[in-house]
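Chain and residue survey
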Amino acid sequence: MASKATPAPVASGPSRGAERTHELLLDAGVAVAERDGLAGLSVNRVVAEAGVAKGTFYVHFADREAFVDALHARFHDRVLAAVVRATAGTEPGAERIVRGVEAYLDVCLDDRAVKALALEARADGTLTKSMSSRHERFAASAVPSFKAMRWPDATAASHLLAAMTSEIAIRELDAGRRVPGARRALRRFLDG
């Protein structure tokens, strides 16, 4: 009596090889961005850095804009994970905001190329709609803390916080390290 062969599992998404190639391209994009900035982030440079054919790029990304957006999404995923870890168990309020900002700034320092790329994209008008949406969600995450602190316009305060945090990130990117005075000033602003 012949035994029935077990059917091969059906893939439910990209293969591991495809995922590795996707990540390889993103890592290559970070390397190119570190070296050449947003203006130098071309498909040709990315595939050369990754050591793959140009067609491989287009299997994973529709175009350069989609690639830059994917770099930003991966960066924001790292930020979100760091902020969640840093604020776990902390009630809404100033301490929660400070912990979240510190985590965000630390990820910016760890991933300077992508943060710099996002800042360049904002400055030169190439920020995609989804990148803008991620920024808006990040800013809105502070609203419950501002409400808990009884700020009269929590939404406006959260947008100002995002602007201050972005400015600190720029100063730290320029310095290549933490700028403790700027971080302390933000804390004093919130505690004031």
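Residues numbered from 1 in each chain as written. Predicted model: local features only at pLDDT ≥ 70, side-chain atom pairs only at ≥ 80, totals over all residues. Heavy atoms only, no water.

Bringing the confidence of the model for the protein chain into the picture now. Residues with a pLDDT of 70 or more make up 88% of the protein chain, whose mean pLDDT is 86. Within the protein chain, the element-level pLDDT minimum falls on helix H6 (residues 112-124), averaging 71, and the maximum on helix H8 (residues 143-148), averaging 97. (pLDDT = per-residue confidence, 0-100. Helix = DSSP H or I, 4+ residues; strand = E, 2+ residues; numbered from the N terminus.)

As a further point, take the packing of helix H5 (residues 94-110) against helix H10 (residues 180-191). Packing of H5 against H10 leaves a shortest axis separation of 10 Å and a crossing angle of 160 degrees. Taken together, the axes of H5 and H10 are roughly antiparallel relative to one another. Of the two possible hands of crossing, H5 and H10 adopt the one that is right-handed. Facing Ala94, Glu95, Ile97, Val98, Val101, Glu102, Leu105, Asp106 and Leu109 of H5, the residues of H10 in contact are Arg183, Leu186, Arg187, Leu190 and Asp191. In the contact of H5 with H10, the residues fall into eight nonpolar, no polar and six charged. (Axes fitted to C-alpha atoms, helices over the stretch in contact; angles between N-to-C directions. Parallel < 35°, antiparallel > 145°, perpendicular 65-115°, else oblique. Left-handed = near helix turned anticlockwise from the far one by under 90°. Contact = heavy atoms within 4.5 Å. Nonpolar A, V, L, I, M, F, W, Y, C, P; charged D, E, K, R; others polar.)

What follows is about the environment of Leu80. With respect to the helices and strands, Leu80 occurs in helix H4 (residues 64-87). Under the relative-accessibility criterion, Leu80 is labelled exposed at 54%. In this structure, the C-alpha to C-alpha distance between Leu80 and Val107, residues 27 residues apart in sequence, is 9.7 Å. (Buried < 20%, exposed > 50% of the residue type's maximum accessible area, 1.4 Å probe, protein only.)

Topologically, Glu172 is positioned in helix H9 (residues 154-175). In this view, Glu172 contacts Leu105, Leu109, Arg177, Arg178, Val179 and Arg183; residues no more than four positions away in its chain are not counted.

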